[in-house]
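# Structure assessment
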Amino acid sequence: MIRGLQDMGTLKVSAVIEAINAEKTAEQYTGENKLDSSSIGREQYLKLTAQLPDTTEEDVHLINTHLILVADSSGSMAGNPWNQVLSSLEYIIGESVGNGQIHLDVIIYDTKAKVLQYTQHNYAIQLSRLKSGGMTNFAEAFSRVSGLLKNQIDDKPVDQTVIMFMTDGEDTVSSKDQLSRGISTFRGNLQSLGHDVIVHAVGFSRSHDYKFLSNLCTAGTTEGMFRYCEPSDGKGALKRKLEELFDFISCVDGRQADIQLTIGGADKLVGVDELLQTTVIKGQIITKEPEDKKDKIGDAMAAAANVNHCAQTFVQAETWVYLEDPHSIPHMGIKALFKMPQDKEQKMAVLCEIVSFQRQIVTEPVDKIRWSLRILSRNTDVLASKFAQTLQQKGDIAKLEKRLHRLQGRIANTQVFGNKGITKEFRNAVLEQIKEIQTKVDIMHGMMAEYKRGQGQSVAVLARANDLRYAAEFSKSRRHRVMNIRVSRNVDQAKIAQKQLSTLKVDQDYVKSLSQDALQFYFCVLSQNDIKDILLDQEDISDMMGFGLAVRRPEHVLDEPTAIRVWCISGTLVSRTAMMDAWEHKITVDGHLSTHGGFNMDHDSPLGVTTVGQGREPINAWLPLYVCQSHWERVKALLKPTLGYFCMLDPHGYDYKQMDVMFYILGSMIGQLNPETAGEHQLKILFAFHRTCAATVKDFDLTDQVKEIVHKFISSAEGRTKDIVSNLFTLIGYIVSLPTVTVEEIFGASSEIRATRLQQFWMTFTCECLRRAAGNAYRETNDNVINGILDQILHGVGQGILQDSNIKVKEPPLTKPKAMLVTKCHNVKSDVSIDSHVFDPKDTVTPPTVIYSHSVKVDKAMDIWAQAQCGIIKNKNRAEQVAQANKVVRQWLDEGVEMVSPCDMSSTATESQQPPPLDEFEPDYISHSMVYTLAKVLQKLQNNAYSDIACIPGCIAFVEFWLSEQPGFAELDSNSGMAPVSWTDRVKAAIARVYSCMDELVVSSRDEVDPDTLVCVEDLPPSTTTPTTASTKSEDDVAYSDYDSDDSHGSERHARRRITHGPRITLPMVVHAVNPLVDLTLCVRAMTCQALVLHSNSKARAAAKGGQLRDFHSGTENAVTTLQEAHNDLVKQSTSVLQRLIDFALWQRANYCMLEATTPWAFVGYLMNTYKERGEGFHELVNILTSKDRVNPIPCMVDKVRILLIGKHEECVVLANGNTWMPERKMAREFEKVIGEAAWTSIELQLNSCVQIHVYRESDIPNRHGHCNSNPYIPNKLRKALGMPLLPECAKGSAKKGPLRIGNKLTR
């Protein structure tokens, strides 16, 4: 409830209706007359925003929730389900202890129920002690819950009680009457509590009591949700359901209002499967910061000026409407309904007045697709709800089936491809959303099929239908929950920052002594204030100097802040207050997305632009700079909310991981240094931000943390993967921001040791950069395609292990492979395509040919041999006969081996088709096609590299300068916070040295290469487009970006990137700059092969642990080993395919003989010589036995089937250690068809008789199915055959099931 509502007569409401128009361009309408446009749809989307009285934080009453989680720990939950429950409990408790609005109690129940006793420090230990076991007793659980119900906790009133009830079965302790009385009492306790009570239920597995749980969801004052999953949904399904439900509960903080909407005339409101004149929709109360305190973004930094300011509060609601005249303005009556704090059963109605109305017409293809998906999603949820209702009421589903088919057709007809302006990223997002919708539709198709099979009222169908109803409630709960927790935690930090700012003293003598150059440099182009004006202004103690950037934010920036992509680093300095004014103005005029871009990584979508810099470069983000100690104290106090807004567009959204953004931006600035962009102005900004990052490391106690990350990256392959260092630019920022003493501990104090370790670091850095680029380029590529590329890099075109033998003419080796590689990499086009052979190991070998023949002589020998092996023949007089049989059997086996022997393949396969030995690989052999393929692959990887490989030389130069010169930041302080000219000159000199080294390599390589050998290379123009940094123009600076003037496109300014001509950088150039003495061709080949093989992070982590993720900074041993292993892997793949074909050929030969065997013992002889277990060949034999295509009868068919299923013959073990095999129902019917009903019944009875009674618990307490040692489970079919009393039948006429052991296998 918001205070002040009682005194307000009406609420002001703005309304926006979206409609689709296939012809007109997008337009907006405001006024009373009809829209003058072509035909638009009658179904339109209404958005309402009502402004509430301005509030302070104390005015908003947040709901205090008492959450009681009731978890089933009975014996049937043992194993993975119980592990999921424990994992979910750990997650839920961990999130609850930091949430002031949720008080959590956990009840664990089986035969008895108990309340989990825990603290925020020991809950993980307490959970680890919980075990599953016992029976299921709902009455005991209800009793425990009733004992926890209360109206006040920790002197705070409870506004609502939420109960999450989870079980996987039925009550096996209480009778139906006892359970009925228990639920009635429980319901009464909840209803009389005096505040809102909601019961949610989660059913797991098909054996849960659906009717009971669905009824339980209505026990509170408000109906709860029912969620369902079963083991077939995946190992983590139950955990996901529990956590989704908790996330949903924790997001609902009470800031909601119901909107009662009435529409007049022939217009209608779209409800669930019906059109209405009046309905109530859910509205969400949101709070924004006041406009008079630095914009609507709710900046915590504004707290520095006024902590207890009033906030602007709104109610937002959305719904669909159906307009008889689609061009008209609907006549609507609106009331906002708010719960009263003093009486939660009553609601206060506040009249609303529409003061503005807009109609937005959807015309663009992208917007039309979004519109279609919105309708598809709504219709799917409506149909799912209707489906659940119809199934529960046993209604007619014929109409629903037609609607389901129409919905499926609309999904199939959604136009994703072929539309102009549709980017790959947007298309992927659309396909992902369609996939989610299709999943729901598939579930409904499955339920429809089960219903038609007569299972329409089964637990699984009803539960799945209900679960589908609530699926849409959880789409973005996690992000909202995480942000809510961060906000509640960081509000106090903002108040602390306010106190710190109020106590700060400015060193006025130092500020007044700042040089004129410093005042001109630290000058805000927006406010026209210099650093002295900012620091001496006592009215705005939170203002400070910084620089602008343009960035794009992906959705997952919530978890990984350094996933932000830098679009442009501005050379324009801007004060914080001026930037906040610019944000406020832009948001007011154009909205949030046009201002900062929101969370969108679509590079083809417009970049959000708040303002532009002096070079017309876009700016939509801001970071502070270290100018002097007084200025830094301000920066330090507000750095966390600054990073919160930079990353999450919410100053309260700060998280400790966001500190890495400072070092990531610093690394990005360093990486963009090259001879053409390293101007004085850019370097001054770079050093000022460098000083900021160094002070951040020191004053926020990050030294040890940063040192450990850098040290692990250098010393261990396990410290280099993306889960350890998310962004490699961050690593560069780390290194130059560490104190000198720490840097010496990592890289050494002497210049020689430091040079060696830096060389090792840069080679490792380059390898990891290349590997991550391969991950981006080949993320969804089939391994056979990657192996085809590896094959050509290792062996050349036409020379590979499994390439076309017709072009296998070995190329002559290159005499100067290094020069050729450098030149081709430098000349290959940036939009290169790679034509590689798809590596399919099956293409490398010819299947062996075997002759199928049946011999009576071999049959007799197999008969005798089998009986001898099983101990049937014990007469010594038959020893000679057995020996002769052994000889014949051995001869038959040898004949099969000779038929499929590789040495015999010369007649059917060429020499090229035979896999070479593992040691026949020449790492020094380099051909023209190998180099050309390598050059194209490297260009593709460089196109997908982030961090960009072209940025490594700039990083090398700056780090070399900083670690070798080791200048102190005291020089900055003595120079009014500006980098001395000597610093900038030495950085330029270091950059020139690195680029000169690379240029010399390119020039010398071109001189060595014969131009005639480059005819197959498509030349690249001498300059390329690269991301750049903008700076203020001066005589020795190059502007990094150029943009149209304000009036070039009317009132709208569109940022346009100018093409920058910079030097072309390739991987061989970078490797040469790192270590000129390395065997360049060998090293680059090995690095590329390793990147392709280990392109995924999971493969890289596994290889790091096993020692296969190698460095190449010294010698050639690791490079040769990497190439040899890649070659060996291709050979092994080919060899394994050949062996499998050989095995398959031998199986086919043996299966033919088994089918033709004239006696059961002969069949057993072939069987024992071929199969030990029931594997692939065995199932091939079964398929032949049951085939309908066979014309000739199979001798001894019944005996053969019996032997295969029982695993024995005449009580002798002949297969699978004598374990039986119970075929599934479909296969059983096939056996019955081929051997007859009587014979199959006999075999089936024998299979069912092979039962080993399960040993139950020693206490003889029945399990949840009522079975124990004194009353074991025996299936009814066997009971009937043995004359035992039958078990009571369940639904569909099947007996209650318990554990059954068939052979040595335990089943349920």
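In case you missed it, the structure is sitting above this.
This text gives an overview of the structure that appears in the document. (Residues numbered from 1 in each chain as written. Predicted model: local features only at pLDDT ≥ 70, side-chain atom pairs only at ≥ 80, totals over all residues. Heavy atoms only, no water.)

## Structural notes on empty space enclosed by the protein
Taken as a whole, this structure holds eight cavities of 30 Å³ or more when the rule is applied. The calculated volume of the largest cavity comes to roughly 90 Å³. R720, T764, C767, E768, R771, M1087, Q1090, A1091, L1109, R1110, D1111 and F1112 together form the lining of the largest cavity. Contributions of two or more residues to the lining of the largest cavity are made by α23 (751-777) and α33 (1080-1093). Counted by class, the lining of the largest cavity contains five nonpolar, two polar and five charged residues. (1 Å grid on protein atoms, 1.4 Å probe; cavity = no way out; pocket = protein on both sides within 12 Å on 5 of 7 lines; lining within 4 Å. Points joined across faces, edges and corners; volume = space filled by probe spheres on them. Helix = DSSP H or I, 4+ residues; strand = E, 2+ residues; numbered from the N terminus. Nonpolar A, V, L, I, M, F, W, Y, C, P; charged D, E, K, R; others polar.)

## Some thoughts on a positive patch on the surface
Side chains of K399, K402, R406 and R410 sit close together on the surface and give a patch of like positive charge. Considering the arrangement of structural elements, one finds R410 in helix α8 (residues 398-412). (Patch = residues over 30% accessible without salt bridge, like charges linked within 9 Å, V, L, I, M, F, W, Y side chains within 5 Å. Areas by Shrake-Rupley, 256 points an atom, 1.4 Å probe, with all protein chains shown as cover. Salt bridge = Lys/Arg side-chain N within 4 Å of Asp/Glu carboxyl O. Lys, Arg positive; Asp, Glu negative; His and termini not counted. Charge placed at Lys NZ, Arg CZ, Asp CG, Glu CD.)

## Remarks on the sheet that holds strand β4 (residues 102-109)
Overall, mixed pairing links the six strands, which are arranged β5-β4-β3-β8-β9-β10 in an open sheet. The strands lining the two open edges of the sheet, one partner per strand, are β5 (113-115) and β10 (226-229). This sheet shows a mean twist of 15° between the axes of neighbouring strands, independent of strand direction. Bridge analysis of β4 against β5 gives three bridges, and the strand direction is antiparallel. Each residue of the ladder has a partner; that of Y109, found in β5, is A113. The sheet strands contacting helix α1 (residues 80-96) are β3 (65-72), β4, β8 (160-167) and β9 (196-204), and the helix crosses β4 at an angle near 160°. (Pairing = 2+ DSSP bridges. Axes fitted to C-alpha atoms, helices over the stretch in contact; angles between N-to-C directions. Contact = heavy atoms within 4.5 Å.)

## Comments concerning unusual backbone geometry
In this structure, D154 takes a positive phi of about 55° despite not being glycine. Secondary-structure assignment places D154 in the loop between β6 (152-153) and β7 (156-157). A positive phi angle, near 60°, is found at N1217, a position not held by glycine. Examined against the element boundaries, N1217 turns out to sit in the loop between β25 (1212-1213) and α39 (1225-1235).

## A word on the environment of S527
Among the structural elements, S527 can be located in the loop between α13 (516-521) and α14 (531-536). Expressed as a C-alpha distance, the spacing of S527 and S575, which sit 48 residues apart in the sequence, is 7.5 Å.

## Quick look at the side chain of R772
One can find R772 in helix α23. Polar contacts involving the side chain of R772 include one to the main-chain carbonyl oxygen of V725, which spans 2.6 Å. Discounting chain neighbours no more than four positions away, the residues touching R772 are R720, T721, K722, V725, S726, N727 and L728. (Polar contact = N/O pair within 3.5 Å; in protein donor to acceptor, adjacent residues only side chain to side chain.)

## Concerning helix α40 (residues 1237-1249)
Between its first and last C-alpha, α40 extends 18 Å over 13 residues, near the 18 Å set by a 1.5 Å rise per residue. Among the residues of α40, A1239, W1240, I1243, E1244, L1247 and N1248 are the ones counted as buried. For α40, the arc enclosing every buried residue in end-on projection is 165°, short of the 170-degree limit, so these residues lie on one face. (Expected span 1.5 Å × (residues − 1). Buried < 20%, exposed > 50% of the residue type's maximum accessible area, 1.4 Å probe, protein only. Arc of directions from axis to C-beta.)

## Here we look at the packing of aromatic side chains
For any pair of aromatic rings, the description consists of the separation of the ring centres together with the inter-plane angle of the planes. As enumerated under the stated definition, the model contains 30 aromatic pairs in all. Consider the rings of F138 and F165, whose centres lie 5.6 Å apart with planes at 75°: the pair is edge-to-face. One end of the pair, F138, is in helix α3 (residues 138-148); the other, F165, is in strand β8, with 27 residues separating them in the sequence. Under the relative-accessibility criterion, F138 is labelled buried at 1%. A relative accessible area of 3% means that F165 is categorised as buried. The structure contains a cluster of three or more aromatic residues connected by ring pairs, namely F687, F958, F961, W962, F969 and W983. (Phe/Tyr/Trp six-rings, centres within 6.5 Å; stacked < 30°, edge-to-face > 60°.)

## A few points about the nonpolar core
Ranked by size, the top nonpolar core spans 170 residues in total, and within it Y522, F547, F646, I665, F689, F761 and W762 carry the most contacts. With 11 residues, α23 is the largest single contributor of residues to this core. The next biggest cluster of nonpolar side chains, apart from the first, holds 51 residues, and it includes A866, V882, C1153 and M1154. (Core = buried A, V, L, I, M, F, W, Y, C linked by side-chain atoms within 4.5 Å.)

## A closer look at the pairing of strand β22 (residues 621-624)
Alternating residues of β22 divide into A621 and L623 and W622 and P624, and every residue in both groups is buried. Here strand β18 (residues 545-552) pairs with β22 via four bridges, running antiparallel. Note that in β22 the partner of F547 across the bridge is L623.

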